[in-house]
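This is what each chain is made of:
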Amino acid sequence: MFFNFKPRRLAIYAGIAVALGTAAAGAYAQAKYPDHPVRLQVGFAPGTGPDILARTLAKGMAAQLGQQVVVENRSGAGGQIAAAYVAKGPKDGYNLLLADVSAISIAPFAFSKIGYEPAKELVPLSEVAKTDFVLVVPNSSPAKDAPGFMKMAAGKGGKVDFGTFGAGSPGHFGAVILGQLGSFPLEAVHYRQTGDAVTATIAGQIDGILMSTPLAMAQIKGGKVKGLATTAPKRSPLLPEVATFAEQGYPKADFSAWFAVFAPTGTPEPVMKLLSEKVAASVRDPEIQKTLVEAGFSVTGTSRDEVARMIAADTPRWKAVVDASGFRGDN
């Protein structure tokens, strides 16, 4: 049997479908969202810099949304476990991700399998903060500044033992950038635990490491290590005594780790629009901003278009660094 719909009848059905779709979207937009707690997944352990950022952000989001925001730590694989969990999870706006550059712009090129496709399965809502890195060396190191480190590293007979907080991390490939700029062979020493990497640096078991500003600040001010240079475009107010790489003749060492909030692709547009606005507003709150700045973060709070453009511009650069390093890992 064939159904012979006349053009006029087809037009009527099409109009009804459009009207119903519009009504449904409007109803969703007007529904009381959120009507139960929102969960914010973070791929790092409690007490770490990203966890501090997540919990501070959650406080601000809760105030903006009028609903509790619960932080859940799904640490492991440089944030990939949390990213995969959100990408494959419910698309209702109640399960969000706080991810950094490693899980979004580095992992797809550094590992053969990560369990998700960032560009297809995750939608960025707002960049909330950045953190720069500090080149840290043991107090026993002869290097006193960035040129001194580069000279020392290039002059070593064997490879330079450079610590990282895990394969595939921005610190790992930031070290690759330094190796390229200084023309020295790099032997990356990956540590799974932050404390182990810090202990190794203090003990002089490695030649250097790139620590995030919040982590480096505590160690430098405690006199346990030396800070030689920062990757920031200008000196950090938290470490004004540490000059930037650019000031010391290395303008290309200008990388940072950004953090952004993501929703799974397929989340209703009205919900994503609302979340983007509320997330950005939360980090602009003076109290929230003060807490994050004191913790060593540079607060941003961008729109969806701005964060999308930032990621689109930043990802090719990290891909080029990964490709040049020849690194390819398996989880």
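Residues numbered from 1 in each chain as written. Predicted model: local features only at pLDDT ≥ 70, side-chain atom pairs only at ≥ 80, totals over all residues. Heavy atoms only, no water.

(A) Broad picture of the overall build of the protein. When you go through the protein residue by residue, the secondary structure sums to twelve helices and ten strands. Going through the 331 residues of the protein one by one, you find that 48% of them count as buried. Counting contacts in the protein only where the partners sit at least 6 residues apart, residues at least 24 apart contribute 79% of the total. Here the protein displays about 15400 Å² of accessible surface, and carbon together with sulfur accounts for 57% of that area. (Helix = DSSP H or I, 4+ residues; strand = E, 2+ residues; numbered from the N terminus. Buried < 20%, exposed > 50% of the residue type's maximum accessible area, 1.4 Å probe, protein only. Contact = heavy atoms within 4.5 Å. Areas by Shrake-Rupley, 256 points an atom, 1.4 Å probe, with all protein chains shown as cover.)

(B) Region of interest: helix α12 (residues 304–325). An ideal rise of 1.5 Å per residue puts 32 Å on 22 residues; α12 measures up with 32 Å between its terminal C-alpha atoms. Along α12, the positions that sit buried rather than exposed are Val307, Met310, Ile311, Asp314, Thr315, Trp318, Val321 and Val322. Positive backbone phi, approximately 80°, marks Gly326, located one or two places after α12. (Expected span 1.5 Å × (residues − 1).)

(C) Region of the structure containing the confidence of the model for the protein. This prediction gives the protein a mean pLDDT of 90; 90% of its residues lie at or above 70. Low pLDDT, under 50, characterises residues 1–30; the predicted model gives this stretch seven contacts beyond four residues in sequence or across chains. (pLDDT = per-residue confidence, 0-100.)

(D) Quick look at the pattern of salt bridges. Overall, the coordinates contain 15 salt bridges when judged by the stated rule. Note that Asp207 is salt-bridged to Lys156, the shortest N-O span being 3.0 Å. Of this pair, Asp207 sits in the loop between α8 (194–202) and β7 (208–212) while Lys156 sits in the loop between α6 (146–155) and β5 (160–164), and the two are 51 residues apart along the sequence. Connected through shared salt-bridge partners, Arg39, Glu72 and Arg74 make up one network. (Salt bridge = Lys/Arg side-chain N within 4 Å of Asp/Glu carboxyl O.)

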